[in-house]
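What follows is each chain in one-letter form.
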Amino acid sequence: MGVVVHRGQTERLVRLLDLLDAEIATRRARYAAGNLGSLAHQRAGSGTHDPYLLIAVDRWDSFTDADPRAELTPRLARLLTDGSEVGLVVMVTGDERFGASAALAQRMRAVLALRVSDPTAALVPGLGPRNLSATSVPGRAVWSPSLQEVQIPLLSPRDDAPAQNTAVAAIAERARARSAGAAARTAPVRIDALPDALTLAEAGMLPTQGTGPILCVGGNTLVAHRWDVGGPDRVVQVLGRPPASHDVAAMVATQVLASGGAVWWRGSGSPPGATEVAPSASLAETVSGCRPTDLLVLTSLDGLAPDALSTLVGDGPAMLIVSLLGALPGQALQAVTGRIRTHVVLAPTSRLELSADLAGALEPGFRLDGPPGRALLLRDRQPAVVQIPVA
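What counts as what
- Residues numbered from 1 in each chain as written.
- Predicted model: local features only at pLDDT ≥ 70, side-chain atom pairs only at ≥ 80, totals over all residues.
- Heavy atoms only, no water.
- Helix = DSSP H or I, 4+ residues; strand = E, 2+ residues; numbered from the N terminus.
- Rg over C-alpha atoms; globule rule 2.2 N^0.38 Å.
- Buried < 20%, exposed > 50% of the residue type's maximum accessible area, 1.4 Å probe, protein only.
- Areas by Shrake-Rupley, 256 points an atom, 1.4 Å probe, with all protein chains shown as cover.
- Lys, Arg positive; Asp, Glu negative; His and termini not counted.
- Charge placed at Lys NZ, Arg CZ, Asp CG, Glu CD.
- Expected span 1.5 Å × (residues − 1).
- Contact = heavy atoms within 4.5 Å.
- Polar contact = N/O pair within 3.5 Å; in protein donor to acceptor, adjacent residues only side chain to side chain.
- Pairing = 2+ DSSP bridges.
- Axes fitted to C-alpha atoms, helices over the stretch in contact; angles between N-to-C directions.
- 1 Å grid on protein atoms, 1.4 Å probe; cavity = no way out; pocket = protein on both sides within 12 Å on 5 of 7 lines; lining within 4 Å.
- Points joined across faces, edges and corners; volume = space filled by probe spheres on them.
- Nonpolar A, V, L, I, M, F, W, Y, C, P; charged D, E, K, R; others polar.
- Core = buried A, V, L, I, M, F, W, Y, C linked by side-chain atoms within 4.5 Å.
- Patch = residues over 30% accessible without salt bridge, like charges linked within 9 Å, V, L, I, M, F, W, Y side chains within 5 Å.
- Salt bridge = Lys/Arg side-chain N within 4 Å of Asp/Glu carboxyl O.

A.B. asks: Would you mind going over the overall build of the protein with me for this structure?
C.D. replies: When helices and strands are tallied, the protein shows eleven helices and 18 strands. Relative to a compact globule of 391 residues, whose C-alpha radius of gyration would be 21 Å, the protein shows 27 Å and is clearly more extended. With the principal axes as the frame, the protein shows a C-alpha extent of 85 × 45 × 45 Å. Counting over 391 residues, the protein shows a buried share of 38%. On the protein, roughly 21000 Å² of surface is accessible, and the fraction owed to carbon and sulfur atoms is 55%. Charged side chains of the protein number 35 positive and 36 negative; the gap between the two group centres comes to 6 Å.

Structure representation (structure tokens):
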């Protein structure tokens with residue numbers, strides 16, 4: 001892996017923790033199948049060995065301050081113990097308040113204490129004022145629990161912070177150059193930052209997943225998620241609030257029109273080129289003779305017969321249904337709910353606003369905020385935070 005997550009990139013941190021949780025589960029299962037208790041047992045034998053994984057958290061207090069609801073801090077603290085047997089090593093830095101976190105202090109196996117500003121006020125696990133210094137030379141530290149005095153090698157002859165930072169940057173650049181031509185199976189894992197905004201043209205320049213119009217962009221390696229309107233995934237639901245939810249539908253419809261497809265639009269917000277469908281019109285008659293790659297957009301289901309949508313699934317055009325977040329579904333929507341594999345839920349939203357079926361795919365207390373266009377993509381009940389491009 002080779003990931004740097006900055007403060008404030010909460011969504012990206014969640015993806016990193018998910019990745020690490022999955023890796024821990026995978027290694028445990030593999031070791032159990034081979035009657036191995038830990039990575040140490042695996043490395044004692046012959047054959048392929050798993051690498052160690054290092055998590056470096058720069059300033060624990062800064063991390064906890066950025067987690068006001070205390071949702072991520074327990075997950076990271078749990079990795080200190082849950083991942084140790086499978087090769088996960090956690091290194092955390094902090095100031096004199098380091099020992100104020102009981103959850104962290106109890107999990108620390110060793111502490112390296114550099115000079116502190118006030119030894120009498122410091123809270124360092126396993127060390128007291130007599131063990132700490134405010135005047136030691138750069139790189140001098142005390143190692144707990146042995147209480148040995150040690151010297152940390154400097155990265156450059158100069159001991160000031162700018163010189164050390166320059167040396168770290170040079171090491172990082174060499175590592176980046178070394179991995180630039182690496183094969184996919186050996187290249188560092190990426191967790192790309194999700195853009196706060198992007199245009200449809202910019203999304204079109206990204207690697208693609210699927211065919212058809214672009215729905216959103218996302219993934220640890222950023223890709224454009226497309227909807228194959230002519231494929232088996234015939235119905236997509238967008239849950240949100242207008243006008244943002246209507247803008248998503250218009251963005252998809254514009255792409256279908258540009259590719260030569262036909263678009264019928266029932267409700268408000270239709271883009272140029274779409275055929276507007278009157279509320280009193282029969283949907284089956286309106287789309288008669290359609291092609292599989294054509295699209296029916298429904299921003300209003302008012303007045304539809306209970307079977308109006310179910311009769312079109314399979315034989316009619318692809319359908320994009322726009323629903324008000326938190327509203328109860330009508331009979332027409334309930335009739336096709338089981339056929340909807342893809343849901344796009346626009347932020348801001350929470351688990352409480354979703355149906356029981358969708359909420360069951362999310363963690364208790366789940367909430368999604370973010371810039372305009374931030375959304376939750378649920379495909380076959382597998383959640384991923386994504387960004388909707390602007391047409």
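Additional details are given in the paragraphs that follow.
A.B. asks: Whenever I open this one, helix α1 (residues 10–33) confuses me. Can you help?
C.D. replies: For an α-helix, the turn length of 3.6 residues means that residues three or four places apart are oriented alike. Under the 1.5 Å per step criterion, the end-to-end length of α1 is 35 Å for 24 residues, consistent within 8% with the ideal 34 Å. For α1, the complete set of buried residues consists of Glu11, Arg12, Leu13, Arg15, Leu16, Leu17, Leu20, Ile24, Arg27 and Tyr31. Residues of α1 that are buried make contact with α2 (39–44), β1 (53–57), α3 (60–65), α4 (73–82), β2 (88–92) and β18 (382–387). Downstream of α1 by a residue or two, Asn35 has a phi angle that is positive, lying close to 55 degrees.

A.B. asks: What should I look at first to understand the side chain of Thr299 in this one?
C.D. replies: In this structure, Thr299 sits in the loop between β12 (295–298) and β13 (318–324). When its relative accessible area of 14% is taken as the criterion, Thr299 is described as buried. Here Ser268 takes part through its backbone oxygen, which lies 3.1 Å from a polar atom of the side chain of Thr299.

A.B. asks: I keep staring at the sheet that holds strand β4 (residues 140–144) and nothing clicks. Help me out?
C.D. replies: Picture the strands of a sheet paired through backbone hydrogen bonds; they go either parallel or antiparallel. Sheet architecture is open: three strands sit in the order β3-β4-β5, paired in antiparallel fashion. With one partner strand each, in any of the chains shown, β3 (111–113) and β5 (148–151) form the two edges of the open sheet. In this sheet, neighbouring strand axes are inclined to one another by 35 degrees on average, regardless of whether the strands run parallel or antiparallel. In the sheet, β3 pairs with β4 via three bridges, with the strands oriented antiparallel. Along β4, the bridge assignment pairs Ala113 with Val142.

A.B. asks: Help me understand the layout of surface pockets in this model?
C.D. replies: The gaps left among the atoms become clear once a water-sized probe is rolled over them. Its boundaries defined by the atoms lining it, the second largest pocket holds a volume of some 1400 Å³. Counting residues per element, the ones that place at least two in the lining of the second largest pocket are α1, β8 (223–226), β16 (367–368), β17 (374–379) and β18. The dominant element in the lining of the second largest pocket, judged by the number of residues it contributes, is α1, at seven residues. When its residues are assigned to classes, the lining of the second largest pocket shows 19 nonpolar, eleven polar and 14 charged.

A.B. asks: Whenever I open this one, the nonpolar core confuses me. Can you help?
C.D. replies: As a rule of thumb, nonpolar side chains are buried together in soluble globular proteins. In this structure, Trp227, Leu295, Val297, Leu320 and Ile388 are the most contacted members of the largest nonpolar core, which totals 27 residues. Contributions of two or more residues to this core are made by β7 (214–218), β9 (235–240), α8 (244–258), β10 (263–266), β12, β13, β14 (342–346) and β17. Once residues within four sequence positions are removed from consideration, Leu320 is found in contact with Trp227, Val236, Val238, Ala249, Val252, Leu295, Leu296, Val297 and Leu298. Core analysis: the second largest hydrophobic core is formed by 22 residues, Leu20, Trp60, Phe63 and Leu88 among them.

A.B. asks: How should a nonpolar patch on the surface be read in this particular structure?
C.D. replies: The grouping of Tyr52, Leu54, Val89 and Met91 at the surface amounts to a nonpolar patch, some 420 Å² of accessible area in total. Position of Leu54 among the secondary structure elements: in strand β1. Taking the relative accessible area as the measure of exposure, Leu54 reaches 59% and is therefore exposed.

A.B. asks: Honestly, the pattern of salt bridges in this entry has me stumped. Any pointers?
C.D. replies: Any two side chains of opposite charge can pair, so long as their charged atoms come close to each other. Across all of its chains, the model carries 15 salt bridges by this definition. Across the pair Arg78 and Asp82 runs a salt bridge, and its minimum N-O distance is 3.9 Å. Of this pair, Arg78 and Asp82 both sit in helix α4, four residues apart, roughly one helical turn. Overall, Arg78 belongs to the partly exposed group, its relative accessible area being 37%. Judged by relative accessible area, which is 30%, Asp82 ranks as partly exposed. Of the charged contacts, one joins Asp380 and Arg341 as a salt bridge, the two residues approaching to 3.0 Å between their closest N and O atoms.

A.B. asks: Can you help me understand the sheet that holds β13 in this one?
C.D. replies: Here eleven strands make up an open sheet; going across it, the order is β6-β8-β7-β18-β17-β14-β9-β13-β12-β10-β11 and the pairing mixed. The open sheet is flanked by β6 (208–209) and β11 (275–277), the only strands paired with a single partner. Of the strand pairs in this sheet, β9 and β14 are connected by four bridges, and their pairing is parallel. Considered in β14, the bridge of Val236 is made with Thr342. Against the sheet, α8 engages β7, β9, β10, β12, β13 and β14, with an angle of about 160 degrees to β10.

A.B. asks: What is the right way to look at unusual backbone geometry in this model?
C.D. replies: Phi is mostly negative for residues that are not glycine, and the peptide bonds are mostly trans. Going from Ser144 to Pro145, the amide bond is cis rather than trans, its omega being 20 degrees. You can see Pro145 is positioned in the loop between β4 and β5. That bond from Pro242 to Pro243 is cis: its omega, 5 degrees, falls within 30 degrees of zero. Looking at the secondary structure, you find Pro243 in the loop between β9 and α8. Here Arg381, not a glycine, exhibits a phi torsion of approximately 65 degrees, which is positive. Assignment of secondary structure puts Arg381 in the loop between β17 and β18.

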